[in-house]
Amino acid sequence: MTDTHTAMSISDVAERTGLSTHTLRYYEREGLMLAPVERASSSHRRYTEADVTWVTFLTKLRSTAMPIGTMREYVVLARQGAGTEAERLELLLLHRMAVVRQLEEMTASLAAIDYKIDLYRHSAGGQRTAQVMEGNDV
C-alpha cells in the first residue's frame, strides 16, 4: 500500500509530467502502466513516485514515435520481469534504429530548409539593400 504522504493525485502527476489527465487515463486504459494505479477509498487515482518515473519513460517512448502497440508489448515484457531482458533490449534496439533513421531524415530536411532560407536571405537581402539605397525602405 502506498504511503498517503507520497501518493499523488492525477492532477499532480499531470502537472509534474506535462501530460493531460486525459492522457494519463488513456495510458492506464491502454494497459501501459507497469503496475495498476492504486485508488483511494474515494476511488480517486493515487500515483506513486514509481508511477511518475514510469510515465516519464512512456513519454520518452511516445516522443520518439514508438507506436502504442509496441509500447504495450514492452510493458507486457517488463511486467514479466527477469528473463525478458533480451526481448526488451531487442525491442528498444529496433526502436532506436528507427529513431536514428528519423533523425537522419529530419537532419536532411533541415539542411534543405536552411539552404532555401540562405537563398531567400541573399535574394531578399540584395533587394532590401537596393530598396534602402533608393530610399524605398519597406
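Below is a summary of the structure that appears in this document. Note that residues are indexed from 1 along each chain, following the sequence as it is written. Confidence filtering applies because this is a predicted model: local features only for residues at pLDDT of at least 70, side-chain atom pairs given and counted only at 80 or more, and all residues used for totals across whole chains, interfaces and linings. Side-chain metrics in this entry use all non-hydrogen atoms of the structure; hydrogen atoms and water are not considered.

This brings us to the packing of aromatic side chains. Here is the rule: rings of Phe, Tyr and Trp (six-membered ring for Trp) pair when centre to centre is within 6.5 Å. Planes less than 30 degrees apart are stacked, more than 60 are edge-to-face, and the remainder are tilted. As enumerated under the stated definition, the model contains four aromatic pairs in all. Geometrically, the ring pair formed by Trp 54 and Phe 57 is tilted, given 5.6 Å between the ring centres and 50 degrees between the ring planes. Here Trp 54 pairs with Phe 57, and both are found in helix α3 (residues 49–63), just three residues apart, close to one helical turn. Arranged with centres 6.3 Å apart and planes meeting at 15 degrees, the rings of Trp 54 and Tyr 74 form a pair that is stacked. On the criterion of sequence distance, the pair formed by Trp 54 in helix α3 and Tyr 74 in helix α4 (residues 68–80) is long-range, its members being 20 residues apart. Per residue, the accessibility class of Trp 54 equals that of Tyr 74, and both read buried. A run of DSSP states H or I qualifies as a helix once it reaches four residues; a run of E qualifies as a strand once it reaches two. Both are numbered from the N-terminal end. For the exposure calls, accessible area comes from a 1.4 Å probe over protein chains only, and a residue counts as buried if that area is under 20% of its type's maximum, exposed if over 50%, partly exposed in between.

Of note, Arg 45 is situated in strand β2 (residues 45–46). Polar contacts, as counted here, are pairs of nitrogen or oxygen atoms within 3.5 Å of one another; within protein the pair requires one atom able to donate a hydrogen and one able to accept it, and residues that are adjacent in sequence qualify only if both atoms are side-chain atoms. Within polar-contact distance, the side chain of Arg 45 engages the side chain of Glu 28 at 2.5 Å. Sequence-distant contacts of Arg 45, defined by excluding residues within four places in its chain, comprise Met 8, Ser 9, Ile 10, Arg 25, Glu 28, Val 37, Glu 38 and Arg 39. Any pair of residues with heavy atoms lying within 4.5 Å of one another is described as a contacting pair.

Two side chains with opposite charge may pair up if their charged atoms get near one another. By salt bridge we mean one thing: a side-chain nitrogen of Lys or Arg within 4 Å of a carboxyl oxygen of Asp or Glu. Inspection of every chain in the model, using the stated rule, returns five salt bridges. With a shortest N-O distance of 2.6 Å, Arg 16 and Glu 49 are connected by a salt bridge. Note that Arg 16 is positioned in helix α1 (residues 10–17) and Glu 49 in helix α3, a separation of 33 residues in sequence. Among the residues examined, Glu 49 registers a relative accessible area of 42% and is labelled partly exposed. For the salt bridge of Arg 45 with Glu 28, the shortest nitrogen-to-oxygen distance reads 2.5 Å. On the criterion of sequence distance, the pair formed by Arg 45 in strand β2 and Glu 28 in helix α2 (residues 21–29) is long-range, its members being 17 residues apart. Taking the relative accessible area as the measure of exposure, Glu 28 reaches 21% and is therefore partly exposed. Among the ionic contacts, a cluster of salt bridges with common partners joins Glu 28, Arg 39 and Arg 45.

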